[in-house]
Amino acid sequence: GENVEQHPSTLSVQEGDSAVIKCTYSDSASNYFPWYKQELGKGPQLIIDIRSNVGEKKDQRIAVTLNKTAKHFSLHITETQPEDSAVYFCAAFYGKLTFGQGTILTVHP
Amino acid sequence: DTAVSQTPKYLVTQMGNDKSIKCEQNLGHDTMYWYKQDSKKFLKIMFSYNNKELIINETVPNRFSPKSPDKAHLNLHINSLELGDSAVYFCASSSEGHPNQPQHFGDGTRLSIL
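Residues numbered from 1 in each chain as written. Chains lettered and ligands numbered in written order. Predicted model: local features only at pLDDT ≥ 70, side-chain atom pairs only at ≥ 80, totals over all residues. Heavy atoms only, no water.

Now, about the overall build of chain A: what can you tell me, with residues and values included?
Scanning chain A for helices and strands turns up 0 helices and 11 strands. Start at the N end of chain A and walk to the C end: the helices and strands fall as β-β-β-β-β-β-β-β-β-β-β. A compact globule built from 109 residues should have a C-alpha radius of gyration of about 13 Å, and chain A, at 13 Å, falls within 12% of that. Taking the principal axes of its C-alpha atoms as reference, chain A extends roughly 40 × 25 × 20 Å. Buried residues in chain A amount to 46% of all 109 residues. A separation of at least 24 residues holds for 52% of the contacts in chain A among residues at least 6 apart in sequence. Looking at chain A as shown, the accessible area adds up to about 5300 Å², and 48% of this sits on carbon and sulfur atoms. Averaged over its 10 positive side-chain charges, chain A has a centre that lies 7 Å from the centre of its 12 negative ones. (Helix = DSSP H or I, 4+ residues; strand = E, 2+ residues; numbered from the N terminus. Rg over C-alpha atoms; globule rule 2.2 N^0.38 Å. Buried < 20%, exposed > 50% of the residue type's maximum accessible area, 1.4 Å probe, protein only. Contact = heavy atoms within 4.5 Å. Areas by Shrake-Rupley, 256 points an atom, 1.4 Å probe, with all protein chains shown as cover. Lys, Arg positive; Asp, Glu negative; His and termini not counted. Charge placed at Lys NZ, Arg CZ, Asp CG, Glu CD.)

Following this line, the structure appears as structure tokens:
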């Protein structure tokens, strides 16, 4: 089955800096890659997603890149703000969503 | 106008009891899911239902029985609760049609077994 590895497990940045979270997947058949943000006491919230026929997608301060050959995809957050602090999950989909282990992002004011 | 709502938000009970968690979505989606998030925050799918039919059952113990009375509801009943069942359970939903539609999650039910 699919296996998704996510790094780093924790990430601490200063407000205004950029943050990058990386994921690799094992099943080349996976064709959909969403990213979720989970705040304390809340459910995961979709922040951006990318399909396998696209290499890059951007939505304001958030961008995702996908390298199908290398089977890895990354989340980029620019101009980070304290409210970006949360747990971020990547996931890969082939029949079902398989999640990475999560990254705790802390943005210091 | 919550999209995916779960009840209760917290559930504290003793080992051996039977409990249910309810989920409702008002997004008009055809597919609903149950996920389990353990103490290390790892999220794993348990079940998936499409139009009231079971699609995915991820080798979950048969003490867990999902029930979908209609497309908008997916409930989870757990028999003979064990300590290892303590976790946060999330319901989610997505639409059918174009493959790989985004999944929308509820805010979870935190289950604590004493």
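Here the narrative resumes.
Explain the pattern of salt bridges to me, using residue names and the numbers behind them.
This model, assessed by the stated rule, comprises 9 salt bridges over all chains. With its nearest N and O atoms 2.7 Å apart, the salt bridge here joins B:Glu58 to A:Lys96. Placement of the pair is B:Glu58 in the loop between β6 (53–57) and β7 (64–70) and A:Lys96 in the loop between β9 (86–93) and β10 (97–99), with the two residues belonging to separate chains. For B:Glu58, a relative accessible area of 18% puts it in the buried group. Taking the shortest distance from any N to any O, the salt bridge between B:Lys71 and B:Asp30 comes out at 3.1 Å. Remark: B:Asp30 occurs in the loop between β3 (19–25) and β4 (31–37) and B:Lys71 occurs in the loop between β7 and β8 (73–78); sequence separation between them is 41 residues. The buried category is assigned to B:Asp30, whose relative accessible area is 17%. Residues participating in the shared-partner salt-bridge network are A:Lys96, B:Lys44 and B:Glu58. (Salt bridge = Lys/Arg side-chain N within 4 Å of Asp/Glu carboxyl O.)

A description of the packing of aromatic side chains should follow, citing residues and the corresponding values.
Applying the stated criterion across every chain yields a total of 14 aromatic pairs over all chains. Summarising the aromatic geometry, the rings of A:Tyr36 and B:Phe105 are spaced 5.3 Å apart at their centres and angled 80° between planes, so their arrangement reads as edge-to-face. Remark: B:Phe105 occurs in strand β10 (residues 104–105) and A:Tyr36 occurs in strand β4 (residues 32–38); the pair is interchain, linking two chains. Judged by its relative accessible area of 0%, A:Tyr36 is buried. Taking relative accessible area as the criterion, B:Phe105 reaches 10% and is therefore assigned buried. These aromatic residues form a ring-pair network of at least three members: A:Tyr36, A:Phe89, A:Phe99, B:Tyr33, B:Tyr35, B:Phe90 and B:Phe105. (Phe/Tyr/Trp six-rings, centres within 6.5 Å; stacked < 30°, edge-to-face > 60°.)

If you had to explain the sheet that holds strand β7 (residues 62–67) of chain A to someone new, which residues and values would you point to?
All names here are of chain A. Taken in spatial order, the 5 strands of this open sheet run β1-β3-β8-β7-β6, and their pairing is antiparallel. Each end of this open sheet is capped by a strand with a single partner; those strands are β1 (4–7) and β6 (56–59). Taking the axes of each pair of neighbouring strands and ignoring which way they run, one obtains an average angle of 15° across the sheet. (Pairing = 2+ DSSP bridges. Axes fitted to C-alpha atoms, helices over the stretch in contact; angles between N-to-C directions.)

Kindly report on the pairing of β4(B), identifying the contributing residues and their values.
Residue and element names in this part refer to chain B. With respect to burial, β4 is a largely interior element, 6 of its 7 residues being buried. Judged from the 7 bridges that link them, β4 and strand β5 (residues 43–50) form a sheet pairing that is antiparallel. Residue pairing in the sheet places Gln37 in a bridge with Leu43 of β5. Hairpin connection between β4 and β5: a loop of 5 residues separates the two successive antiparallel strands, and Lys41 in this loop has a positive phi of roughly 75°. Examined bridge by bridge, β4 and strand β9 (residues 87–94) share 7 bridges and lie antiparallel to one another. Looking at β9, one finds that Gln37 is bridged to Val88.

For the interface of chain A and chain B, give the residues involved together with the corresponding values.
On the side of chain B, 20 residues touch chain A, which itself brings 19 residues to the contact. Both faces combined, the contact of chain A with chain B buries some 1600 Å², and carbon together with sulfur accounts for 55% of it. Summed over the shared surface of chain A and chain B, the result is 2 salt bridges. Applying the counting criterion to the chain A and chain B interface returns 5 residue pairs in polar contact (both at pLDDT 80 or more). The residue makeup of the side of chain A that touches chain B, split by class, is 8 nonpolar, 7 polar and 4 charged. (Buried area = accessible area lost by both parts, 1.4 Å probe. Polar contact = N/O pair within 3.5 Å; in protein donor to acceptor, adjacent residues only side chain to side chain. Nonpolar A, V, L, I, M, F, W, Y, C, P; charged D, E, K, R; others polar.)

So, the side chain of B:Thr109: which residues are in play, and what are the values?
Residue and element names in this part refer to chain B. By secondary structure assignment, the location of Thr109 is in strand β11 (residues 109–113). Polar contacts involving the side chain of Thr109 include one to the side chain of Gln6, which spans 3.2 Å. Setting aside residues up to four positions removed in sequence, Thr109 forms contacts with Gln6, Thr7, Pro8, Lys9, Leu11, Ile21, Ala87, Val88 and Tyr89.

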